[in-house]
Amino acid sequence: MKGIEEEAEASLVGLTIRTSSPASSSSKKGKDLLQTNNNNASDSSPSIKNSPFNSPSLVSPPSSAFVSALQSPYISPRATTPITTHKPSPPLSYKGSQSEDVPSSSYTPPSDQYEFSDEQPSDRKLKLSACTPDPAPPRISFSFPVPRVSLAKVSVSSPATNTKLRSSDVFIGFHGQNPNLVRFCKWLKSELELQGIACFVADRAKYSDTQSHEIADRVICSVTYGIVVVSCSSLLNYLSLEEVRFFAQKKNLIPIFYGTGPSEIMGLLNCNAIDKECKEAIDGLIKSHEFKLEANETNWRSCVGKTATILRAKLGRKSVVDKDIVEGIDELPFPRNRSFLGREKEIIEMEMALFGNGEYLESTTPSTRGEASGQSEGLADEESDVVSTRNGKFISLELGKCSEPRSEAWSDPNGGKNSLKRLLKTKKYRNNSNCKSSTNVVCVNGVPGIGKTELALEFAYRYSQRYKMVLWVGGEARYFRQNLLNLSFSLGLDVSADAEKDRGRLRSFDEQEFEAFKRIKRELFRDMPYLLIIDNLEIEKDWWEGKDLNDLIPRNTGGTHVLITTRLPKVMTFDTVQLSVLPSSDAMVLLRGRRKKDYPVEEVEVLKLFDEKLGRLSYGLWVVGSLLSELAIPPSALFEAVNKIQIEERSASPFLNVIDEQYCKSNPFVAKVLAFSLAVLEQAEGNRNLLSLKMLLVGAWFAPFPIPVNLLAAAAKNMPTGGNRFSKWNKCLSHTFAWCGGCGLGRRSEEDAAFLLVRLGLARITNRQPGCWIQFHPITQTFARRRDYILAPKATVQGVRKIDNPLLNLDHLWASAFLVFGFKSEPPLVQLQAMDMVLYIKRTALPLAITAFTTFSRCNSALELLKVCTNVLEEVEKSFVSQIQDWRQGSLCWKKKTNKKVDEYVWQDVTLLKALLLETRAKLLLRGGHFDSGEELCRTCISIRTVMLGHNHDLTLAAQETLAKLVRMRSKI
């Protein structure tokens, strides 16, 4: 080593960098570092030569706009003089791809392929000769107090050395193999970059070559602030200690305690086993803990947000204004169910599937200083203590415990094998066979009414802090595509269709729709963690175009977790959590209702009969419990009343699928309970307008999503009040209703009528704003559709026309379109008169198609809807022409009974509306490059308007301009 010093001194041209005082340098090996410099040759050399002591690189990114430690007068410029060395240092052991281990100059080195590696540097230390201290006063440099030595040669043509490094504002350092720790650090990086703060995140212990370390060192020296995520394994890794000490010296350290706390860290100061460097790191952590950033499983989101706020303020960055998000969109659709009980086993199973078992094996890095020898420590076959190599002994460093280690924990490293295996534990000791890898997609399946949605909701509330945002999507087949596009509101994305040319050409409709979904997938499935809940997935393929579910949910979802609830026994190859019925004890709690009333033994036996008849399904148990709570009747009286109800055989509704019909037939007692609930609504409201009952019947034909109460009431008022549908039950139920005479179920206002449905367990309150919104359970909707599929659907269609905010009610608009026009093999269910059809198309269908096309790029669906509307108007037009011909050929007596003028006005409105639809279709076809079809439609529109309005009318001239544009675009193409 003396020869190395003499050779280095002979070639010394630049500055001498000191890291310690003269008094302490003589007692510490490797504390002083000599660097060589050649200012004349620095610009001409294309590569960076390695220092024999492997200090952090001496080159700061040329484009860096921040104050870098490398710009200090104490730091030498680029070293280009090669230094001959005698003994190369082996690289760190590494399992992953060598090509991906070198940090890129433009982005953070990926860790996906090697973040689960078990190999770590061994405890071999390299001996360095102490340099002669310089009499000049000590100066703090960028070098770490414990320099690393690597004599590996770097290729001149290495892209990592030739490429200009991207300037970074913040370095994020961490150490550990816990996937949740890696997930947290990636989230932190993504959030900071979203705020315009360039970041570099790295676990440098995983770097396998000197080149990677040098690039990371240059970033560390150039950043403005350094974040060190301190986990249980950080203090056992000398690289993490270096980061803490370096940033603490520069006074720009921001520590984040992950899974531990400052009290546990401070407890180590009382241990005699730790050395000076570790004490300095701990002292730096405590002094820099001014912002109190402590991350645990219950506050990830808050911690990341607080960190971003602190750095944004320190760097002087303006707050990033979120993109326009539609008002009223909430993270979760329903409030948390305070009555939720049971299902702990299933929740733990879901947590383990998505996050792993929470107890990960961490390979210790025994040496806290010096370079690794290439040997790695494995994992013990048996449970063992956490150890670290200090002064020739293995010393227990279990956080929070500073007592003297047990005798068996001490051993002479020279007396044992080099493959001594140790295990770092965070919660409990586990062996390797108990570690379970996590997945990103979990399906919860079960029969209808068993509580899948409630389980998903509870899981979302419990673990929401582990995600950037929770996104709730309805999985019903007809609305699934639109619901995925609705995520653009929450994500702040623009998925609108192209208004002009893109990349010099017009894109087809399929390309535009694909691009819209691609934008959502690109934002959703990256390092930013989201929880996507798809509730009640009906089919695996897209209902509109038959696309596979894999086209919507990629195999690699990044940091996003997907939770699917479905009745299907299996969805693709995703992991499944099978939901079974509730235990008897939990079922009895639900049957007692919200008041938790204690019943005598005889009544408890009746509750057990309810439990048996309902199949212990959560939905039926909750409805019965709600009836017992609100009606204040004993279970025996309720059971007797429900049994007396006779369910008549009715023809199947044409708007119910086979699964719903089968469910109604296989659960007759649930049908009786719901029929009794409807009878309660009618009896409670007496001879008034039966608003609650009507709201239930019309609400069955809305989409299975939250409905504003004012819209529901408007639709209910359009439904005529028929006779007493339950009059035949009045005698047998009169005794039962006598119990609830003073229960106060009758209400007058719209909100009170809606709350009555909620109190009876037929609907639930939602988080939508503004106003009051409720949502019906799918089983409630299924049963109500069987009760009335003639008057209620028509009232629903008429009520939908009064929707104020279409963007918040797109699903309900599509539901009304299905009722009026039918789609695919389904016939239309609602038959509208000519004038009503004109009003519906003008106020509902046409705006819906334009919004779907322009805002969500649903090009094919919008054009199909407009085509169906045109065909319907043509049929209405033909009927009017036939009616006028019959009038002209009829008798004089028939003519007196017919209002000819009204027919002519309606006919004129139908024809002009048809022309408007043709023009709209032509304009939309223009955006997709369908010039021939658009030209044909536009010419038909011009012909109609010329006859009806004249050549010089504004609408006729507008259609002519559209035609001219079509012809001009076709000639260019």
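Residues numbered from 1 in each chain as written. Predicted model: local features only at pLDDT ≥ 70, side-chain atom pairs only at ≥ 80, totals over all residues. Heavy atoms only, no water.

**Digging into the overall build of the chain**
The cut-off we apply is this: A helix here means a DSSP run of H or I that spans at least four residues, while a strand means a run of E at least two residues long, and both kinds are numbered starting from the N terminus. Three labels apply to residues, based on accessible area from a 1.4 Å probe with only protein chains included: buried if under 20% of the type maximum, exposed if over 50%, partly exposed otherwise in between. Throughout, a contact is declared for two residues whenever any of their heavy atoms are within 4.5 Å. Per-residue accessibility takes into account occlusion by the displayed protein chains alone, with areas from the Shrake-Rupley method and a 1.4 Å probe.
When helices and strands are counted, the chain shows 32 helices and 17 strands. Burial status across the chain gives 56% buried among its 973 residues. Counting contacts in the chain only where the partners sit at least 6 residues apart, residues at least 24 apart contribute 80% of the total. Carbon and sulfur atoms make up 51% of the accessible area of the chain, which totals about 42,400 Å².

**A look at the pattern of salt bridges**
Put simply, the rule is: By definition here, a salt bridge exists when the distance from a side-chain nitrogen of Lys or Arg to a carboxyl oxygen of Asp or Glu is within 4 Å.
The final tally for this structure, using the stated rule, is 38 salt bridges. Residue Asp217 pairs with Arg204 through a salt bridge whose shortest N-O separation is 3.1 Å. Linking Asp217 in helix 5 (residues 210–222) with Arg204 in the loop between strand 4 (199–202) and helix 5, this pair joins segments that are 13 residues apart in sequence. When the shortest N-O distance is used, the salt bridge between Glu458 and Arg336 registers 2.7 Å. Note that Glu458 is positioned in helix 11 (residues 452–463) and Arg336 in the loop between helix 9 (300–314) and helix 10 (344–355), a separation of 122 residues in sequence. With relative accessibility at 6%, the residue Glu458 sits in the buried group. Here the salt bridges do not stand alone but share partners, grouping Arg204, Asp217, Glu242 and Glu243 into one network.

**Notes on the nonpolar core**
For soluble globular proteins, the rule of thumb is that nonpolar side chains tend to be buried together. Using the following cut-off: Put simply, buried Ala, Val, Leu, Ile, Met, Phe, Trp, Tyr and Cys residues joined by side-chain atoms within 4.5 Å make one nonpolar core.
Judged by nonpolar contacts, the single largest core of 221 residues is most densely connected at Leu192, Ile227, Phe459 and Phe821. Per-element tally for this core: the top contributor is helix 27 (residues 834–856), with 12 residues. Discounting residues that sit within four places of it in the chain, Leu192 has contacts with Val170, Ile172, Ile197, Cys199, Ile227, Ala308 and Leu311. Formed by 26 residues, the second largest nonpolar core is a distinct cluster that contains Ile220, Cys221, Ile265 and Ile282.

**A few points about the sheet that holds strand 3 (residues 170–173)**
Test applied: At least two DSSP bridges between two strands are required for those strands to pair. Axis angles are defined between N-to-C directions and span 0 to 180 degrees, where every axis is a line fitted to C-alpha atoms and, for a helix, only to the segment in contact.
Strand order in this open sheet of 5 strands is 4-3-5-6-7, and the pairing throughout is parallel. Either end of the sheet is taken by a strand with one partner, and the two such strands are strand 4 and strand 7 (294–295). Against the sheet, helix 9 contacts strand 3, strand 5 (225–230), strand 6 (253–258) and strand 7, and its axis sits at roughly 180 degrees relative to strand 6.

**Section: the packing of helix 5 against helix 6 (residues 238–250)**
Our working rule: Between 65 and 115 degrees an angle is taken as roughly perpendicular, under 35 as roughly parallel, over 145 as roughly antiparallel, and anywhere else as oblique. Each crossing is labelled by how the near helix is turned from the far one, with a counterclockwise turn of less than a right angle marking it left-handed and a clockwise turn marking it right-handed. All residues other than Ala, Val, Leu, Ile, Met, Phe, Trp, Tyr, Cys, Pro, Asp, Glu, Lys and Arg, Gly among them, are scored as polar; the first ten of these are nonpolar and the last four charged.
Two elements in contact, helix 5 and helix 6, have axes separated by 11 Å at closest approach and are oriented at 25 degrees. Taken together, helix 5 and helix 6 sit at an angle that is classed as roughly parallel. Relative to helix 6, helix 5 is oriented so that their crossing is right-handed. Mapping the contact onto sequence places His213, Ile220 and Cys221 in helix 5 and Leu239, Glu243, Phe246, Phe247 and Lys250 in helix 6. Taken together, the residues that form the contact of helix 5 with helix 6 break down as 5 nonpolar, 1 polar and 2 charged.

**A word on the confidence of the model for the chain**
Selection criterion: Each residue carries a pLDDT score, the predictor's own confidence in it, on a scale running from 0 to 100.
For the chain, per-residue confidence averages 74 on the pLDDT scale, and residues scoring 70 or more make up 67% of the total. Ranking the elements of the chain by mean pLDDT puts strand 9 (residues 393–396) last with 28 and strand 3 first with 96. Counting contacts from residues 322–328, a segment whose pLDDT is below 50, to residues more than four positions away or on other chains yields 12 contacts. Considering only residues more than four positions removed or in separate chains, one finds that residues 359–435, a stretch of pLDDT under 50, has 180 contacts.

**Observations concerning the packing of aromatic side chains**
Note the following rule: Pairing of aromatic rings covers Phe, Tyr and Trp, the last counted by its six-membered ring, and requires centre-to-centre distances within 6.5 Å; plane angles under 30 degrees mean stacked, over 60 mean edge-to-face, and any other angle means tilted. When the NZ atom of lysine or the CZ atom of arginine is within 6 Å of a ring's centre and also within 35 degrees of its normal, the charge is said to sit over that ring.
A full pass over the atoms with the stated rule returns 25 aromatic pairs. Here the aromatic rings of Phe355 and Tyr463 are separated by 6.2 Å at their centres, their planes lie at 35 degrees, and the arrangement is tilted. Here Phe355, found in helix 10, pairs with Tyr463, found in helix 11; they are 108 residues apart in sequence, far enough to count as distant. Each member of the pair, Phe355 as well as Tyr463, is classed as buried. Between the NZ or CZ atom of Arg785 and the centre of the ring of Trp701, over which it lies, the distance is 5.2 Å. Its guanidinium or amino end placed over the ring of Trp544, Arg858 lies 4.6 Å from that ring's centre, counting from NZ or CZ.

**A few points about helix 26 (residues 810–821)**
To keep things clear, this is the line we draw: How far a helix is expected to stretch is found by multiplying one less than its residue total by 1.5 Å.
For helix 26, built from 12 residues, the straight-helix expectation of 16 Å at 1.5 Å per residue is met to within 8% by its first-to-last C-alpha distance of 16 Å. Of all 12 residues in helix 26, 12 are buried, a share of seventy percent or more. Gly822 sits one or two positions beyond helix 26 and adopts a positive phi of about 70 degrees.

**Describing the pairing of strand 3**
Defined as follows: Crossovers are described as right-handed under a simple rule: with the strands pointing away from the observer, the path leading from the first strand over the helix to the second runs clockwise.
Alternating residues of strand 3 divide into Val170 and Ile172 and Phe171 and Gly173, and every residue in both groups is buried. The β-α-β motif built from strand 3, the intervening helix 4 (residues 179–194) and the parallel element strand 4 has right-handed crossover chirality. As paired elements, strand 3 and strand 5 share 4 bridges and run parallel to each other. Opposite Phe171, over in strand 5, you have Gly226 as the bridge partner.

**Considerations on the sheet that holds strand 15 (residues 707–708)**
Either a parallel or an antiparallel arrangement is found when strands of a sheet pair, and the pairing is made through backbone hydrogen bonds. Read from one edge of the open sheet, 3 strands run 15-17-16, paired in antiparallel fashion. This sheet does not close on itself; its edge strands, each paired only once, are strand 15 and strand 16 (763–765). The pairing of strand 16 with strand 17 (residues 773–776) spans 3 bridges and is classified as antiparallel. Across the sheet, the residue bridging to Ile765 is Ile774, located in strand 17. Here helix 23 (residues 750–759) sits on the sheet in contact with strand 16 and strand 17, set at roughly 115 degrees to strand 16.

**Observations regarding the side chain of Ser626**
The residue Ser626 is located in helix 16 (residues 618–631) in this model. In this structure Ser626 comes out as buried when scored by relative accessible area, which is 2%. In this structure Ser626 touches Arg594, Arg759, Leu760 and Gly761, once residues within four positions along its chain are discounted.

**A few points about helix 25 (residues 791–800)**
When you tally the buried positions in helix 25, you get 8 out of 10 residues, the bulk of the element. When we look at burial in helix 25, the residues that qualify are Ala792, Pro793, Ala795, Thr796, Val797, Gln798, Gly799 and Val800. Packed against the buried residues of helix 25 are helix 20 (691–699), helix 21 (709–717), helix 26 and helix 27.

**Considering unusual backbone geometry**
Following Gln769, the chain continues into Pro770 via a peptide bond in cis, with omega recorded as -5 degrees. Along the chain, Pro770 turns up in the loop between strand 16 and strand 17. You will see that Lys292, though not glycine, has its phi angle at about 55 degrees, which is positive. Relative to the elements of secondary structure, Lys292 occurs in the loop between helix 8 (276–287) and strand 7. Residue classification places Lys292 among the exposed residues on the basis of a relative accessible area of 57%.

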